[in-house]
Amino acid sequence: MKKNKISLQLVYTAVCFILTSATAFAQAPVQRKVDGIIAKINNHIVLRSDLEFGYQQYLAQTKQQPNNNLKCEVLKSLVQDKLLLARAEVDSVTVEETMVTNELDRRVEYLTAQAGGAERLEQYYNKSIKQLKDDLRRTVREQMVMQKMQSEITSKVTVTPKEIKRYFSTIPADSLPYFSSEVELGQIVKFAQISKTQKQKARQQLEDLKKRILAGEDFATLAKQYSQDPGSAAAGGELGFFKKKELVPEYEAAALRLEPGQMSNVIESQFGFHLIQLIERKGQEFNTRHILLKPETATVDMEEAIVALDSIRTLIKSDSITFAKAAKDNSDDKATKDNGGILQNRNDGSTYISMEQVDPSIFFVIDTMEVGDITKPLPYVTEDGKQAVRILYLKAKSTPHQANLTDDYQRIATAAINQKREKAVDDWFKKNFDTVFIEIDPEFDSCKVLQLTQ
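What you see is a predicted model, and the numbers here were worked out from it, not measured in a lab.

J.: Before we move on, could you go through the overall build of the protein chain and cite the residues and values that matter?
T.: Each helix and strand in the protein chain was counted, giving 15 helices and 15 strands. The principal-axis extent of the C-alpha atoms belonging to the protein chain is close to 80 × 65 × 35 Å. Relative to its 454 residues, the protein chain shows a buried fraction of 46%. Taking the contacts inside the protein chain whose residues are at least 6 apart along the sequence as the reference set, 67% of them involve residues at least 24 apart.

So this is what it looks like as structure tokens:
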């Protein structure tokens, strides 16, 4: 691959980042106008607005100046994304709808927290939460399929110490990056629990509403008045038709036991407490309405989480358990628990985080720690708005320096294996490009999208 050519993997990664970032995620349906098809890949298409949106976001992310070569690279990346999807269909690579639903819920929860509440989010986009999720479901599913395909392509790629040294030796001395002070941080997280009193209060309120409905009041009317699901309350709690495995298991199991018009008992899910009424079954799909009540979060019980983390911290400090094992066994943070609790740098995927990027709320705590120290339990709010407590572990801290194999071996190893994965993806594209139908608008002939060997 020529040095002056933009890395295919860099473009691919940047576009994936754009599509999966919270802001772009919410903006995507606004930007994706049906304004002309510029590429067809089997049953998949690339719109002109897809290209323009991806191009502008890539420029914003990389701070590069506009030029046609960059736009061509983004177009190639978009075409190759669709090729991944087309081949996934041929190879029967899919993701479970429950995983798609969970990812949708996670992202919308994050957006809701960033917007300052569901009502403000709905006002901003002039859509209900349900409409937002409906608009975005296909995009999220496609992203997850592409990620799964790429993971399968690169799953067997490894790198040896010899290859890492060889990779480092190819970097010109005057091109070696200079790193400011960086840290490797681990965390063990415990979500604060809603108090039992508040849970019981929510459950009892739903039991009272059920009695009112059984006494003759209208379910939909009460849902409009009491339900705390912003995506369905205005519609009388009606969710619309869903297939199996598209809703959380507890809700689906309760709904599928009902006959049309029948109500469930009060059930609990990750979203709160539900009272469900089955409206209609149609083939493999079913339509329900519900009243959702969420226990008040103002009285979450932090003490239990603090006590649990204090005990874990004591065990680690007495060498009874490693931090990594404690994180795997006890942390509520799915993103880090299987990685020894170690936080990742979102920019490059490494475990090194510049002190300039450290969360300001913990900057001074980290700045005064010695390597190996573990903080006492610290309260914080997760990205999706959950109240939690965590202990932080300072695994390593570097002084400002120019990149070298001694201090930056893991980072260099990551770069080396990423380059190797890039080649594996490149080779896969070359091998599979002629296994699907591809048509590019003649306007973009100069981009030579079909000439992967350049």
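J.: Give me the lowdown on the packing of helix 3 (residues 48–62) against helix 4 (residues 68–90), citing residues and values where you can.
T.: Here helix 3 crosses helix 4 at 120°, and the two axes come no closer than 9 Å. Our classification of the angle between helix 3 and helix 4 gives oblique. Crossing hand, helix 3 versus helix 4: right-handed. Every residue of helix 4 that contacts helix 3 at Asp50, Leu51, Glu52, Gly54, Tyr55, Tyr58 and Leu59 is listed here: Leu70, Lys71, Val74, Leu75 and Leu78. Residues that form the contact of helix 3 with helix 4 fall into these classes: eight nonpolar, one polar and three charged.

J.: I'd like to hear about the pattern of salt bridges, residue by residue, with values.
T.: Per the stated rule, a full pass over the model turns up 21 salt bridges. Glu142 serves as the salt-bridge partner of Lys82, at 3.8 Å between the closest nitrogen and oxygen. In this pair, Lys82 sits in helix 4 while Glu142 sits in helix 7 (residues 129–154), placing the two residues 60 residues apart along the sequence. Exposure class is identical for Lys82 and Glu142. Each is buried. Among the salt bridges present, the one from Lys325 reaches Asp329, with a minimum N-O distance of 2.4 Å. Here the residue Lys325 and the residue Asp329 both occupy positions in helix 13 (residues 323–330), the gap between them amounting to four residues, near one helical turn. In this structure Lys325 comes out as partly exposed when scored by relative accessible area, which is 42%. The exposure class assigned to Asp329 is partly exposed, which follows from its relative accessible area of 43%. Each member of the salt-bridge network shares a partner with another, and the members are Lys82, Arg138 and Glu142.

J.: Which residues make up the sheet that holds strand 8 (residues 272–282), and what values go with them?
T.: Across the sheet, four strands lie side by side as 6-9-8-7; this open sheet has antiparallel pairing. The open sheet has two edge strands, strand 6 (238–243) and strand 7 (267–269), and neither has a second partner. Pairwise comparison of adjacent strand axes, ignoring direction, gives a mean angle of 45° for this sheet. Where strand 7 and strand 8 come together, three bridges link them in antiparallel fashion.

J.: Before we move on, can you summarise the packing of aromatic side chains with the specific residues and values?
T.: Aromatic ring pairs are reported here in terms of the distance separating the ring centres and the angle at which the planes meet. With the rule as written, the count across this model stands at four aromatic pairs. Plain terms: the ring middles of Tyr124 and Tyr125 are 4.7 Å apart, the flat faces sit at 85° to each other, and that makes the pair edge-to-face. Residue Tyr124 is classed as exposed on the basis of its relative accessible area of 64%. Looking at Tyr125, the relative accessible area reads 18%, which means it is buried. Its end group placed over the ring of Tyr380, Arg390 keeps NZ or CZ at 3.9 Å from the ring centre. Geometry around Phe179 places Arg411 over its ring, the cationic atom sitting 3.8 Å from the centre.

J.: A description of the environment of Ser49 should follow, citing residues and the corresponding values.
T.: Mapped onto the fold, Ser49 is located in helix 3. Remark: the alpha-carbon pair of Ser49 and Ile38, spanning 11 residues in sequence, is separated by 9.5 Å.

J.: Let's hear about the state of the cysteines: which residues, and what values?
T.: According to the stated counting rule, one finds one disulfide in the structure shown. Each disulfide pairs two cysteine sulfurs, and for Cys72 the partner residue is Cys447, the sulfurs being separated by 2.0 Å. Across the S-S bond of Cys72 and Cys447 the torsion is about -70°, and the bridge reads as left-handed. Here the residue Cys72 occupies a position in helix 4, and Cys447 occupies one in the segment after strand 15 (438–440), the gap between them amounting to 375 residues. The class for Cys447 is buried, based on a relative accessible area of 7%.

J.: Break down the nonpolar core for me, with residues and values.
T.: The biggest cluster of nonpolar side chains holds 40 residues, and the ones touching the most others in it are Ile41, Leu75 and Val79. Those elements that provide at least two residues to this core are strand 1 (37–41), helix 3, helix 4, helix 5 (97–115), helix 7, helix 15 (409–432) and strand 15. Contacts of Ile41, omitting those with residues within four sequence positions, involve Val46, Val79, Lys82, Leu83, Ala86, Val436, Phe437 and Ile438. In this structure, Ala202, Leu209, Leu222 and Leu293 belong to the second largest nonpolar core, which totals 13 residues.

J.: Describe in detail unusual backbone geometry, supporting the description with residues and values.
T.: What you tend to see is this: most non-glycine residues have negative phi, and most peptide bonds are trans. With a phi angle near 60°, Ser92 is a residue other than glycine that sits in the positive phi range. Turning to its location among the elements, Ser92 is positioned in the loop between helix 4 and helix 5. A positive phi angle is found at Lys448, which is not glycine, with a value near 50°. Inspection of the secondary structure assignment puts Lys448 in the segment after strand 15. Exposure remark for Lys448: the relative accessible area of 38% places this residue in the partly exposed category.

Procedures and definitions
Residues numbered from 1 in each chain as written. Predicted model: local features only at pLDDT ≥ 70, side-chain atom pairs only at ≥ 80, totals over all residues. Heavy atoms only, no water. Helix = DSSP H or I, 4+ residues; strand = E, 2+ residues; numbered from the N terminus. Buried < 20%, exposed > 50% of the residue type's maximum accessible area, 1.4 Å probe, protein only. Contact = heavy atoms within 4.5 Å. Axes fitted to C-alpha atoms, helices over the stretch in contact; angles between N-to-C directions. Parallel < 35°, antiparallel > 145°, perpendicular 65-115°, else oblique. Left-handed = near helix turned anticlockwise from the far one by under 90°. Nonpolar A, V, L, I, M, F, W, Y, C, P; charged D, E, K, R; others polar. Salt bridge = Lys/Arg side-chain N within 4 Å of Asp/Glu carboxyl O. Pairing = 2+ DSSP bridges. Phe/Tyr/Trp six-rings, centres within 6.5 Å; stacked < 30°, edge-to-face > 60°. Lys NZ or Arg CZ within 6 Å of the ring centre and 35° of its normal. Disulfide = S-S within 2.5 Å. Core = buried A, V, L, I, M, F, W, Y, C linked by side-chain atoms within 4.5 Å.

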